[in-house]
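Secondary and tertiary structure notes
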Amino acid sequence: DAMSTHDDHGDPEAAHGEKLDPAALRSRYITVTAFIAFLSVFVIGVVLATRQNDDILSVHARNVIVFFADGMALSHVAIARAANQSFAFDQYMAGSIMTSSESHWVPDMSSGSTALSCGLSTNNKLVGVVPNSDGGLSPCGTLLEAAMSDGRAVGVVTNGLITAPIVASWLTHSRSPDDAVFIANKILTKVGLDLVFGGGDDVISRLKSVEESFGWNRVSVDDVVEESTNGTDSGSGNKDIEWPVLGVFARRQLSFAIDRELKSCNGQECPTLKEMTKSAIEMLAKNSKYEKKGMTLAVFNARLGTAARNNDIAAVFREIQDLNDAFKTALEFQREEGNEKTLIVVVSPYEAGGLVFGRDSSFDSYPEDIVKVERSIPTIVSYLDRANSKNPTEIQELLDHFGLTNLNNQTEMPLLVNANFTAARNDALLKILNTRFGIRWTSTNPTGSDTPFYAVGYNADKLRGSLLNTDFAQSLAKLANFDLKTETKRRLSESISQS
């Protein structure tokens, strides 16, 4: 028995632990393997979750349609709601844009648009260029230029001047927004630009030789209206169109939407923003580049900004309606089979006019009367100028044609009777209308207020919140898989205007 206490020392198996049979070993192996597999899946899941936004680059929006509501503010949309109007884009509000420029808290058209096109902050008056470290100016690559470099079908639609800063900052690089001939030349010689619709033939026609040497195919108002009405299904593969396509429909800007019946586009009614947008989409969808890479289309409602700077609420209202109709056309395209990877954005580069919904100490307002006005203020004033009457009855008969009925003979009519020149009549009409509607304007220029943006379609949920204008552009570039840094390097050798 005494020896039994030492038996374990003589047994090798007892000294090194109990011997395990093969079944037990397999069980432990399976347990460890399962744990390692679980841990691997967990780690991969965490990594994927943290890189969710980066993965957008590999699955990006194939089609990008951006609407620029020049000068639009939330107050414009709010007063339209009060007038019992609704807009399709309103339900897709995604956030707001902080609009300041590099040089000023209050941006102008040039800097505001450049920030949204390049994703870089620049000084007021600069178009598609930014200050550099050497104290000079350098071109910055834009979203549209990146789309061209990527091989997308690219188009531009505007109801203003093709050479206006809001458009030019997406296509050219100039130290001055006023160098229209330089800007026009740069647009006409832009390699990769497939379609341009807008106004400004006073300048474009001076570059006829450039237009012809770069093979631009001119289209008319009738062509655009016909294409928008009878265009075939997107992606039909019909390549009968000669590229690139140029439609310049008026000597200067197209008419305000509220004045369209005046036929100011070379004796015809100007095409609506909806007609131009639909025609552009139909045409670009027939471009061979569309089949490979998709399209990028920029639609500018430049006349909205002009109406806001004119403090003309009736014209502003109709421009937003025109924008809304064009937006619905894009939405229809996005909802067609095969176009699911389409991102649609509505954005305003700055707020214009400083509209206040409410007046003085009174809570009275009558926005529903806005829809009764049938012409823009400049058009009504031009008729008053021609009549040049001091007779209240004659003035009222003229105004009746434009929906301005029953002027008060004590408070309203004297303002027009005593107005002796264009500016005075304009101011008198503004005072009458603003008092009637219960609104007030604080500026005839851009302001520093934030502006709204709207997003719908593919990965639209990635555009959310209160964003700097430059951050908005960078986010949009990421969703479309555009490399703005590379594009800026590519554009460094481009000349910029010296004026």
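In this report, the structure presented in the accompanying data block is examined. (Residues numbered from 1 in each chain as written. Predicted model: local features only at pLDDT ≥ 70, side-chain atom pairs only at ≥ 80, totals over all residues. Heavy atoms only, no water.)

A few words now on helix α16 (residues 392-400). Within α16 the residues assigned to the buried category are I395, Q396, L398 and L399. Seen end-on, α16 carries its buried residues on one side only, within an arc spanning 160°. At the N-terminal end of α16, a side-chain oxygen is found 2.8 Å from the backbone nitrogen of T393, two or three residues along, and the residue is N391. (Buried < 20%, exposed > 50% of the residue type's maximum accessible area, 1.4 Å probe, protein only. Helix = DSSP H or I, 4+ residues; strand = E, 2+ residues; numbered from the N terminus. Arc of directions from axis to C-beta. Polar contact = N/O pair within 3.5 Å; in protein donor to acceptor, adjacent residues only side chain to side chain.)

For the pair helix α15 (residues 377-387) and α16, interaxial distance at closest approach is 11 Å and the crossing angle is 145°. For the pair α15 and α16, the sense of crossing is right-handed. Here I380, Y383, L384 and A387 of α15 lie close against α16, whose contacting residues are I395, L398 and L399. (Axes fitted to C-alpha atoms, helices over the stretch in contact; angles between N-to-C directions. Left-handed = near helix turned anticlockwise from the far one by under 90°. Contact = heavy atoms within 4.5 Å.)

Turning to the pairing of strand β9 (residues 295-301), a few remarks are in order. Across the seven residues of β9, seven count as buried, placing the element largely inside the fold. Relative to β9, strand β1 (residues 63-69) runs parallel, the two being bridged by six bridges. Considered in β9, the bridge of I65 is made with L297. In this sheet, β9 lies alongside strand β5 (residues 153-161) in parallel orientation, the contact comprising six bridges. The partner of V156 across the bridge, within β9, is A298. (Pairing = 2+ DSSP bridges.)

Two elements in contact, helix α4 (residues 109-118) and helix α19 (residues 469-480), have axes separated by 6 Å at closest approach and are oriented at 30°. If you check the angle between α4 and α19, you find them roughly parallel. Taken together, the residues of α19 that come into contact with α4 (itself represented by A115, L116 and C118) are N469, T470, F472, A473 and Q474. Residues belonging to the contact of α4 with α19 are distributed by class as follows: five nonpolar, three polar and no charged. (Parallel < 35°, antiparallel > 145°, perpendicular 65-115°, else oblique. Nonpolar A, V, L, I, M, F, W, Y, C, P; charged D, E, K, R; others polar.)

Moving on, we come to the sheet that holds β9. The strand order across the open sheet built from 10 strands is β7-β8-β6-β5-β9-β1-β10-β15-β2-β16, with neighbouring strands paired in mixed fashion. A single partner strand is all that each edge strand has here, and the edge strands are β7 (217-218) and β16 (465-468). Where strand β6 (residues 195-199) and strand β8 (residues 245-248) come together, four bridges link them in parallel fashion. When the sheet's bridge partners are listed, V196 is paired in β8 with L246.

The next subject is empty space enclosed by the protein. This model, assessed by the stated rule, comprises two cavities of 30 Å³ or more. Estimates place the volume of the largest cavity at around 50 Å³. Along the walls of the largest cavity sit V64, V66, L143, L144, W170, T296, A298, L476, A480 and F482, which together make up its complete lining. For the lining of the largest cavity, the secondary structure elements donating two or more residues are β1, α5 (143-149), β9 and α19. Residue composition of the lining of the largest cavity, by class: nine nonpolar, one polar and no charged. There is about 40 Å³ of room inside the second largest cavity. Every residue lining the second largest cavity is listed: N159, L254, S255, F256, A257, R260, P271, L273, E319 and D322. (1 Å grid on protein atoms, 1.4 Å probe; cavity = no way out; pocket = protein on both sides within 12 Å on 5 of 7 lines; lining within 4 Å. Points joined across faces, edges and corners; volume = space filled by probe spheres on them.)

Let's shift gears to the pattern of salt bridges. Scanning the model with the defined rule gives 24 salt bridges in all. Note that K328 and D325 form a salt bridge whose closest N and O atoms lie 3.8 Å from each other. In this pair, K328 and D325 both sit in helix α14 (residues 313-334), three residues apart, roughly one turn of the helix. Residue classification places K328 among the partly exposed positions, given a relative accessible area of 37%. Across the salt bridge formed by E487 and R490, the nearest N and O atoms sit 2.4 Å from each other. Residue E487 and its partner R490 are located together in helix α20 (residues 484-491), separated by three residues, close to a single helical turn. Here E487 falls in the buried class, since its relative accessible area comes to 1%. A cluster of three or more residues bridged by salt bridges with shared partners is formed by E145, K190, E487, R490, R491 and E494. (Salt bridge = Lys/Arg side-chain N within 4 Å of Asp/Glu carboxyl O.)

Evaluation of the coordinates by the stated rule reveals two disulfides. For C118, the disulfide goes to C140, at an S-S distance of 2.2 Å. Between C118 and C140 the sulfur-sulfur dihedral comes to about 70°; the bridge is accordingly right-handed. Pair noted here: C118 is in helix α4 and C140 is in the loop between β4 (137-139) and α5, with a separation of 22 residues, a long-range link. Residue classification places C118 among the buried positions, given a relative accessible area of 1%. The side chain of C265 participates in a disulfide bridge whose partner is C270; the two sulfur atoms lie 2.0 Å from each other. Note on the C265 and C270 pair: the S-S dihedral is about 100°, so by sign convention the disulfide is right-handed. One exposure class covers both C265 and C270, and it is buried. For the chain, the disulfide bridges join cysteines in the arrangement 1-2, 3-4, where the cysteines are counted in sequence order. (Disulfide = S-S within 2.5 Å.)

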